[in-house]
Structure formats: structure tokens, C-alpha cells
Amino acid sequence: MLGSNSNSTKASNLTYIFALILAGGLFLSDRGSQTIFLQTRSNIEAIASPGIKLFSIPITMLERISNAIEERTKALSENKALRSELYELRDYQQKSRMMELKLFRLEQLLNSSNEIDKNKEQTVARSYGEVNSPFVRSSLIDVGKKNNIQKGYAVSTVDGLYGHVQRVGSKSSRVLLLSDINSRISVMSLRSNSRAIMSGNNNDFPNLIFSNNYQGWLEGDTVLTSGDGGMLPPGLEVGSVIKDAKGKLVVNLNTNGKAIDWVLVTHYSSIKSPEFETDMKEKQTEGLSNISEVF
Amino acid sequence: MPLHPVSQPFARGGLLVGSLLMLILIFVSVTNFNAFNTVINFIYLPLIGICTWPRTDKIVTSICIIFIFGLTLDIVSSGPLGLWALVFLINFAIFKPHMRLKALVFKTALFSWLLVVLFSSILVYFFAWFTIESLPKFLPLIFQIILSTCLFPFAYGLRHFLKKIFIDQFLRDLI
């Protein structure tokens, strides 16, 4: 099959069949779940990431050239738009300062300051291995366990949420993009406060599913993370609602069509349910009483 | 005429060149290029390494190397484990690049690349269907083929450069 009629050919045929069965077995058992050899995957990614980073250097240079060309062509019109936006924003800034002061006083009166936002820690990382294949949409970032990154942390760009950390290696992490078929995040409409789950579908426009109120979603609505379930911080901008070719409401991600290089990893621990905490305390108390009984 | 694999003396250097080329192409294939509001990947690029695999009698070693590189690509591209290993092995068995009768020239290499990439696209399409349980879009796959084909001359040039470094000048043209 793979060589001439000799003993070495028999060996090569056997090796080939063995490799084919092994690859097929791995493919069948890993299909859809990608849960096999998680540690090995993280280790190999950590080893390969300097190589990928090295080969991304010339590509980054080419990207910069193409971005420069693009920005130059847009510069004049953008300058005009920015100037008019600046005048508008000055008014908003004044209003915002007044509101901030009011809010601070009200929070003092109610004794309920927002501690979650104050404790928010962020890490800047470089994204260099985005994969947009028919199977998966993910990216590699150059921070990992050594930078206190943990599974589930939100990854965003200046434009909005990009994804969340799926696997963490020592110096690199794998980010599952919002458009990946396995991505599910709870979102809300800024206008109507309606909730839904944004489900990736391996194309640029994720679906809105399991909405509590489908009438609450309209084309043009700004989509934010709702923070429901406590997995991601609330209020991160995701995108806007648009209609697809079939008239179904989908989300146009803010990161669509943008060059992703630097990203921000938000350190956010999921909120534990009070039952869990109570159980833990009860178990600790039981343990202590058992120890005191022994003595 | 029976197909005899080439003899050992230039097999070692050839395997080294083939492996290095595959490794470089795997790294390049998982880096993304953002230009003009589009993210471009070259996921088919490592297939160039398969269709230009050196003539060698070290078939068992070749199969092992190709299998390992397939798994590596699966891991670094975060795809289902075994997918690219399967695609590489199937291509290796069907196109038998290690058993070609003549040394590789650009025209032949380009022709075999087109055959390999088209065949692999069909394989990938059905594997993707099987994995995500819905029909994947065919246009992005065609786009990927065109992009990788654009990079083929560079990859071929890189192979030539690696041959110059690692293989003796009298044997270079036989690989």
C-alpha cells in the first residue's frame, strides 16, 4: 500500500493502519467536547506559543502597514466626526460629573457602595493566534497562570467583549471567542433590560436564544453582559442587535472586522451561591465539634 | 514497474527538511492576519508539507512524524483532536508523495498541491459536518484554499532554502 513488496512495507502498512485507527479514535472521542488531554493541550500550547509569537512578528508588521493605509484614507472624515463628537462629549462630561457626585452621596446615605467594580483587576495581553475555522473560533493570548489568569476570566478589547478564558497554561491561555459554537453568555439589552443567552454559531453573528421577552429586543439595541449566573462581570459591551438574511435577530459583535492585537483580561471570580457558603460553614463547624468531642 | 522508494543516503536530510517545513507551516497557519477588516487564517498551509514530502524509504518514520504533526496542529489550532492527523494520513496514503518517481519541480508541486487541497477540503467539509452537526459554509473554505495557494510559492521557496542548508548539493535535486 505504502511502499514496495517487502518486510518494511508490511511494517509501514501496519504503522499506517495503527496511526489511522488512533487518529480516528481520538477524533470520535473528542468530537464536540474537546475534553481529552486538557493538561497536555495546555502544555503543548505553552511550548508552541513562543514559536507562533515569533512567526506572528512579520505578520504584525504587514498588519501595521495595512492598518496605516486604511487609517490614512479615513483620517480626514474621522477628524471631522471626532471634532463634533468632542463638543457633544463636553456637555456629557459635565452632566456625568454631576451624576457621579449625586450617586456618591446617595450611596453614602444608603451605605451601599459598589465594591465589585472597585476590586476589578485587569491584565493587558497580546492576542496572536486567532483561529476562525469551521470547527472552532479561538485565540491564544500571552498571559497565563504566572499572571494569575484563571479559567472563565472575561477578555475584551477597546471595542467590547471578545471572549472568555477557556484553558490556562503557564505562560499562555486559550480564549474561546463569542462567535464559537460552544460559547454561551448571558446578555441584556441596554434599552429594555430584556435578558437572553447569546449563543455562538461559528459565524460572525451569534444568535440570541432563550430570551425572557423576545418583544424586548429590537434592531439597533446595544447588547451588554447581564452578569446573570455570575460568570462574567455585568455591563461589558458586546455588540448591537441586527437582523440576518432570514429576519432573525442576531448580534453584530463590536469586535467584528477589527484587528485584534491587544486585549484586556478582567479578573473576575464567579459569585458563589449563599447555600454553598452556608454548607461550607456548617461543614467547618461540624468538623470543629467532632474535633472537640475527640479531645 | 514496481514503485521503489529512494535509497537511504538522502532520506535523512530529506526527512529533516520535510519536518522543519511542516513545523514552520504549522506555526504560520495558526497565526492570524488582520487586514482591511478581515481576519485571515492559512489553515490549509501545512498540507503543502504533505504534498512536498521528501522521497524516502523511511516510511514508518514518515507516518509517525506526520501523525505527530497532525496532532500538534489539532492542539495549536484548538480543533477536535485527531482531525488533521486523519487528513494528513489519508492524503499521505492516497497521494504517496514519498514514492514519486521524479524529483519535485515547481509545476508538478503546484499541481499536486491543488489536488491535495481540493481533496482535503472535501474531507474537512465532511469532518466539520460530523463534528458540529450542521453543514459548514463552503465559501470560507474556498477562500482559505485561494489564500493558501497564494502562499504556495513562498512555501516552495522555503523548502528549497531548507534543502540548500541541510542536504548535500549532489543529492539536493533528488529529494
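Preceding block: the structure.
Note that the structure is a prediction, hence the values are computed from the model and not measured.

## Some points on the overall build of chain B
Then, in step 1: A tally of helices and strands in chain B yields 6 helices and 2 strands.
Then, in step 2: Counted over contacts in chain B with a minimum sequence separation of 6, partners at least 24 positions apart contribute 74%.
Then, in step 3: If you sum the accessible surface of chain B, you get close to 7,400 Å²; carbon and sulfur atoms cover 74% of it.

## Concerning helix H2 (residues 38–110) of chain A
Residue pairs spaced three or four apart in an α-helix point in one direction, given the helix's 3.6 residues per turn.
Then, in step 1: For H2(A), which comprises 73 residues, the first-to-last C-alpha distance of 47 Å sits more than 12% below the rise-based estimate of 108 Å (1.5 Å per residue).
Then, in step 2: Residue A:Ala75 marks the point of greatest curvature in H2(A), where the axis turns by about 55 degrees.

## Considerations on the interface of chain A and chain B
Then, in step 1: Contacts between the two partners involve 54 residues from chain A, matched on the other side by 51 residues from chain B.
Then, in step 2: Across the interface of chain A and chain B, roughly 4,700 Å² is buried in total on both sides, 70% from carbon and sulfur atoms.
Then, in step 3: One can count 0 salt bridges joining chain A with chain B.
Then, in step 4: The tally of links from chain A across to chain B stands at 3 residue pairs in polar contact (both at pLDDT 80 or more).
Then, in step 5: Of all the secondary structure elements, the ones that give two or more residues to the side of chain A that touches chain B are helix H1 (7–30), H2, strand S2 (131–132) and strand S5 (161–168) of chain A.
Then, in step 6: Here the residues of the side of chain A that touches chain B are counted per class, giving 27 nonpolar, 17 polar and 10 charged.

## Observations concerning the packing of helix H3 (residues 59–76) of chain B against helix H4 (residues 83–95) of chain B
Residues and elements named next belong to chain B.
Then, in step 1: In contact at an axis separation of 6 Å, H3 and H4 are set at 145 degrees when each is read in the N-to-C sense. Like other packed secondary-structure pairs, H3 and H4 cross with a definite hand, here right-handed. For the pair formed by H3 and H4, the contact residues are Ile59, Ser62, Ile63, Ile66, Phe67, Phe69, Gly70, Leu71, Leu73 and Asp74 on the first element and Leu83, Trp84, Ala85, Phe88, Leu89 and Phe92 on the second.

## Re the packing of H4(B) against helix H5 (residues 106–132) of chain B
All names here are of chain B.
Then, in step 1: Between H4 and H5, the shortest axis-to-axis distance is 10 Å and the interhelical angle comes to 140 degrees. By the angle class used here, H4 and H5 are oblique. The hand of the H4/H5 crossing is right-handed. Contact residues: H4 offers Leu83, Trp84, Leu86, Val87, Ile90, Asn91, Ile94 and Phe95, while H5 offers Leu115, Val116, Phe119, Ser120, Leu123, Val124 and Phe127.
Then, in step 2: For the contact of H4 with H5, the residue count by class is 13 nonpolar, 2 polar and no charged.

## Here we look at the packing of aromatic side chains
Residues and elements named next belong to chain B.
Then, in step 1: Considering all chains together, one arrives at 11 aromatic pairs over all chains under this definition.
Then, in step 2: Taking 5.9 Å as the distance between ring centres and 20 degrees as the angle between the ring planes, the aromatic pair formed by tryptophan 113 and phenylalanine 152 counts as stacked. With tryptophan 113 in helix H5 and phenylalanine 152 in helix H6 (residues 138–166), the pair connects residues that are 39 residues apart, well separated along the chain. Take tryptophan 113 and phenylalanine 152: they sit in the same class, and that class is buried.
Then, in step 3: Seen from their ring centres, phenylalanine 126 and tryptophan 129 are 5.9 Å apart, and the 35 degrees between their planes marks the pair as tilted.

## Some points on the nonpolar core
In summary, soluble globular proteins display a tendency toward joint burial of nonpolar side chains.
Then, in step 1: Core analysis: the biggest nonpolar cluster contains 74 residues, and A:Ile52, B:Tyr44, B:Leu47, B:Trp84, B:Phe88, B:Leu89 and B:Trp113 have the highest contact counts within it.
Then, in step 2: Sorting the residues of this core by element identifies H1 and H2 of chain A together with helix H1 (11–29), helix H2 (46–51), H3, H4, H5 and H6 of chain B as the ones contributing at least two each.
Then, in step 3: Counting the residues that make up this core, at least three belong to each of domain 1 (1–115) and domain 2 (121–271) of chain A.
Then, in step 4: Ignoring any residue separated from it by four or fewer positions in sequence, one finds A:Ile52 in contact with A:Tyr128, A:Leu140, B:Phe27, B:Val30, B:Thr31 and B:Val76.

## What about the pattern of salt bridges?
Opposite charge on two side chains allows them to pair when their charged atoms are near.
Residues and elements named next belong to chain A.
Then, in step 1: Taken as a whole and judged by the stated rule, the model has 3 salt bridges over all chains.
Then, in step 2: The closest approach of N and O atoms between arginine 137 and aspartate 204, which form a salt bridge, is 2.8 Å. Taken as a pair, arginine 137 in strand S3 (residues 137–141) and aspartate 204 in the loop between strand S8 (195–199) and strand S9 (207–209) lie far apart in primary sequence, 67 residues in all.
Then, in step 3: When the shortest N-O distance is used, the salt bridge between aspartate 228 and arginine 195 registers 2.9 Å. Placement of the pair is aspartate 228 in the loop between strand S10 (222–225) and strand S11 (237–243) and arginine 195 in strand S8, with a sequence separation of 33 residues.
Then, in step 4: Residue aspartate 228 is classed as partly exposed on the basis of its relative accessible area, which comes to 37%.

## Looking at the pairing of strand S6 (residues 173–177) of chain A
Residue and element names in this part refer to chain A.
Then, in step 1: The buried fraction of S6 amounts to 5 of the 5 residues, a majority that puts the element mostly inside the structure.
Then, in step 2: Going residue by residue along S6, you find Ser173, Val175 and Leu177 tucked away on one face and Arg174 and Leu176 tucked away on the opposite face as well.
Then, in step 3: Two elements, S3 and S6, share 4 bridges in a ladder whose sense is antiparallel. Each bridged residue has a counterpart across the sheet, and for serine 138 the counterpart in S6 is leucine 176.
Then, in step 4: As paired strands, S5 and S6 are joined by 5 bridges and run antiparallel to one another. Across the sheet, valine 165 pairs through a bridge with valine 175, a residue of S6.

Scoring rules and cut-offs
Starting afresh in each chain, residues are numbered from 1 along the sequence in its written order. Both sets of labels track the order of writing: A upward for chains, 1 upward for ligands. pLDDT decides what is reported in this predicted model: residues at 70 or higher carry local features, side-chain atom pairs at 80 or more are listed and counted, and totals for whole chains, interfaces and linings draw on all residues regardless. Note that water and hydrogens are dropped before the side-chain values are worked out from all heavy atoms of the structure. Secondary structure elements follow DSSP: runs of H or I of four or more residues count as helices, runs of E of two or more count as strands, with numbering from the N terminus. It only takes one pair of heavy atoms within 4.5 Å for two residues to be counted as in contact. Here the Shrake-Rupley method, with its probe set to 1.4 Å, supplies the accessible areas, and only the displayed protein chains count as covering residues. Every helix has an expected span of 1.5 Å times one less than the residues it contains. Consider a residue and the seven residues that end there alongside the seven that start there; fitting an axis to each set, the bend is the angle between those axes. As used here, buried area is the combined drop in accessible area, with a 1.4 Å probe, of two parts when they are placed together. A carboxyl oxygen of Asp or Glu within 4 Å of a side-chain nitrogen of Lys or Arg is what we treat as a salt bridge. Pairs of N or O atoms are called polar contacts if they sit within 3.5 Å, as long as, within protein, a hydrogen donor faces a hydrogen acceptor (for residues adjacent in sequence, only side-chain-to-side-chain pairs). The nonpolar class holds Ala, Val, Leu, Ile, Met, Phe, Trp, Tyr, Cys and Pro. Asp, Glu, Lys and Arg form the charged class, and all remaining residues, Gly among them, are polar. Helix axes use the C-alpha atoms of the stretch in contact, all axes being lines fitted to C-alpha atoms, and the angles between their N-to-C directions lie in the range 0 to 180 degrees. Definitions for this section: a left-handed crossing has its near helix turned counterclockwise from the far helix by less than a right angle. A right-handed crossing has that turn clockwise. Here roughly perpendicular refers to angles of 65 to 115 degrees, roughly parallel to angles under 35, roughly antiparallel to angles over 145, and oblique to all remaining angles. When the centres of two rings from Phe, Tyr and Trp lie within 6.5 Å, Trp using its six-membered ring, the rings pair. Their planes under 30 degrees apart give stacked, over 60 give edge-to-face, and anything left gives tilted. Whether a residue is buried, partly exposed or exposed follows from its accessible area with a 1.4 Å probe, protein chains only, as a fraction of its type maximum: under 20%, in between, or over 50%, in that order. Take the buried Ala, Val, Leu, Ile, Met, Phe, Trp, Tyr and Cys residues and link them wherever side-chain atoms come within 4.5 Å; each set so joined is a nonpolar core. In this document the domain limits rely on a domain assignment from an automatic tool or a database. Pairing between strands requires that DSSP locate at least two bridges from one strand to the other.

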